[in-house]
Amino acid sequence: MRPATHALIGGAATAALAPSLGWPASALFGLASVFIDVDHYLDFLYYNGGKSWSLRKAYLFHLRLTCHHHRKDFLVLNVLHTTEAFILILLLALWSGSLWLQAIWAGMIFHYLCDLSMMFRRRILHVRAHSLLEYWIRRRRLAQAGLSPDNPYLDTLKELQAGGNPSLIAQSSPSPRAAALPAKASGHIDSVVV
Ligand SMILES: [Zn+2]
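All values reported here derive from a predicted model rather than from experimental measurement.

**Student:** I'm lost on the overall build of the protein in this one. Help?
**Tutor:** For the protein, the helix and strand inventory stands at nine helices and zero strands. Starting at the N terminus and ending at the C terminus, the protein contains elements arranged as α-α-α-α-α-α-α-α-α. Residues counted as buried form 32% of the 194 residues belonging to the protein. Taking all contacts inside the protein whose residues are at least 6 apart in sequence as the whole, residues at least 24 apart take part in 79%.

Here it is, written out as structure tokens:
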């Protein structure tokens, strides 16, 4: 789901919660429901080797990445969208008794449920690992088949470079073996960023 859509839905939910929750906690709920997607930006930094910090390029990168949804080696890990991250924040919120942390946790869950419903409707639930353990297992299986989930990311960088964004290419790739594997892009950009 695109950031603007999350901002719209999160904003409406924030306004609805404000009378009962108060503005500070509601605002944190709304902010968390949007800024959980910061992990997409971290992906971009990781795969371009820190060469580009541009938010616009990061957004284009993730839009372009959706061209590769159909590939067998397509597997996304967004660390803030994992079961482990949700459990950790929940435990911290319960342990501290902080209403603000609870609001942040609720905002993250709200965002995640919005993502899930969109992915379910588009039948792409499988493209994201929903836990770190799941990612580890699926990455190992892909490796056994000679595939790497790094490949769609690296191919996306190459495509953007071909399209006139040379600064996106990292000098050192995170997985030289993955970089050597072939890419098959459909050339179709989906309307969603998961
Ligand atoms: Zn998301």
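**Student:** What's the story with the packing of helix H1 (residues 3–21) against helix H2 (residues 23–35) in this structure? I'm lost.
**Tutor:** Two numbers describe a pair of packed helices, the interaxial angle and the distance between the axes. Running from N to C, H1 and H2 point in directions that differ by 160°, and their axes come no closer than 8 Å. Classified by the angle between their axes, H1 and H2 sit roughly antiparallel to one another. Pair H1 / H2 crosses with right-handed handedness. Along its contact with H1, which presents Pro-3, His-6, Ala-7, Gly-10, Gly-11, Ala-13, Thr-14, Leu-17, Ala-18 and Leu-21, the element H2 presents Trp-23, Ala-25, Ser-26, Ala-27, Phe-29, Gly-30, Ser-33 and Val-34. Residues that form the contact of H1 with H2 fall into these classes: eleven nonpolar, seven polar and no charged.

**Student:** Would you mind going over the packing of H2 against helix H6 (residues 99–121) with me for this structure?
**Tutor:** Two numbers describe how H2 lies on H6: the axes approach to 7 Å, and their chain directions differ by 35°. You can see that H2 and H6 cross each other, and the crossing is right-handed. Here Pro-24, Ala-25, Leu-28, Phe-29, Gly-30, Leu-31, Ala-32 and Ser-33 of H2 come into contact with H6, specifically with Leu-99, Trp-100, Ala-103, Ile-104, Ala-106, Gly-107, Met-108, Phe-110 and His-111. Tallied by class, residues from the contact of H2 with H6 come to 13 nonpolar, four polar and no charged.

**Student:** What should I look at first to understand the nonpolar core in this one?
**Tutor:** One recurring pattern in soluble globular proteins is that nonpolar side chains are buried together. By size, the foremost hydrophobic cluster in this structure holds 15 residues, and its most contacted members are Leu-28, Phe-29, Ala-32, Ala-103, Ile-104, Trp-105 and Met-108. Secondary-structure elements contributing two or more residues to this core are H2 and H6. Ranked by residues supplied to this core, first place goes to H6 with eight residues. Other than its neighbours up to four places away in sequence, Met-108 contacts Ala-32, Ile-36, Leu-80, Phe-86 and Ile-89.

**Student:** Any chance you could explain H2 here in plain terms?
**Tutor:** Helical periodicity: at 3.6 residues per turn, an α-helix aligns residues three or four positions apart in one direction. The end-to-end C-alpha separation of H2 is 18 Å, in line with the 18 Å expected for 13 residues at 1.5 Å each. Of the positions making up H2, those classed as buried are Ala-25, Ser-26, Leu-28, Phe-29, Gly-30, Ala-32, Ser-33 and Val-34.

**Student:** When you look at the environment of Asn-48 in this model, what are you seeing that I'm missing?
**Tutor:** Inspection of the secondary structure assignment puts Asn-48 in the loop between helix H3 (38–47) and helix H4 (55–65). The buried category is assigned to Asn-48, around which 25 C-beta atoms lie within 10 Å. Taking the C-alpha atoms as reference, Asn-48 lies 9.7 Å from Ala-58; in sequence the two are ten residues apart.

**Student:** Help me out: how do you make sense of helix H7 (residues 132–144) in this one?
**Tutor:** Across its 13 residues, H7 extends 18 Å between first and last C-alpha, which sits within 8% of the 18 Å expected from 1.5 Å per residue. Gly-146 occupies a position one or two residues after H7 and carries a positive phi of about 80°.

**Student:** Looking at this structure, how should I read unusual backbone geometry?
**Tutor:** When glycine is set aside, most residues are seen to have a negative phi, and most peptide bonds are trans. Non-glycine residue Arg-123 carries a positive phi angle of around 55°. Arg-123 sits in the exposed class, given 8 other C-beta atoms within 10 Å.

**Student:** What am I meant to see in the confidence of the model for the protein here?
**Tutor:** Do not read the predicted coordinates in detail wherever pLDDT is low. Of the residues in the protein, 84% reach a pLDDT of 70 or more, and the chain-wide mean stands at 85. In the model of the protein, helix H9 (residues 176–179) stands out as the element of lowest mean pLDDT, 41, in contrast to H7, which has the highest, 98.

**Student:** Sorry, what's going on with the environment of Val-127 here?
**Tutor:** Position of Val-127 relative to the elements: it lies in the loop between H6 and H7. The sequence separation of Val-127 and Val-76 amounts to 51 residues, and the corresponding C-alpha distance is 6.0 Å.

The rules we used
Residues numbered from 1 in each chain as written. Predicted model: local features only at pLDDT ≥ 70, side-chain atom pairs only at ≥ 80, totals over all residues. Helix = DSSP H or I, 4+ residues; strand = E, 2+ residues; numbered from the N terminus. Buried ≥ 20, exposed ≤ 12 C-beta atoms within 10 Å, placed from the backbone. Contact = placed C-beta atoms within 7 Å. Axes fitted to C-alpha atoms, helices over the stretch in contact; angles between N-to-C directions. Parallel < 35°, antiparallel > 145°, perpendicular 65-115°, else oblique. Left-handed = near helix turned anticlockwise from the far one by under 90°. Nonpolar A, V, L, I, M, F, W, Y, C, P; charged D, E, K, R; others polar. Core = buried A, V, L, I, M, F, W, Y, C linked by C-beta atoms within 7 Å. Expected span 1.5 Å × (residues − 1). pLDDT = per-residue confidence, 0-100.

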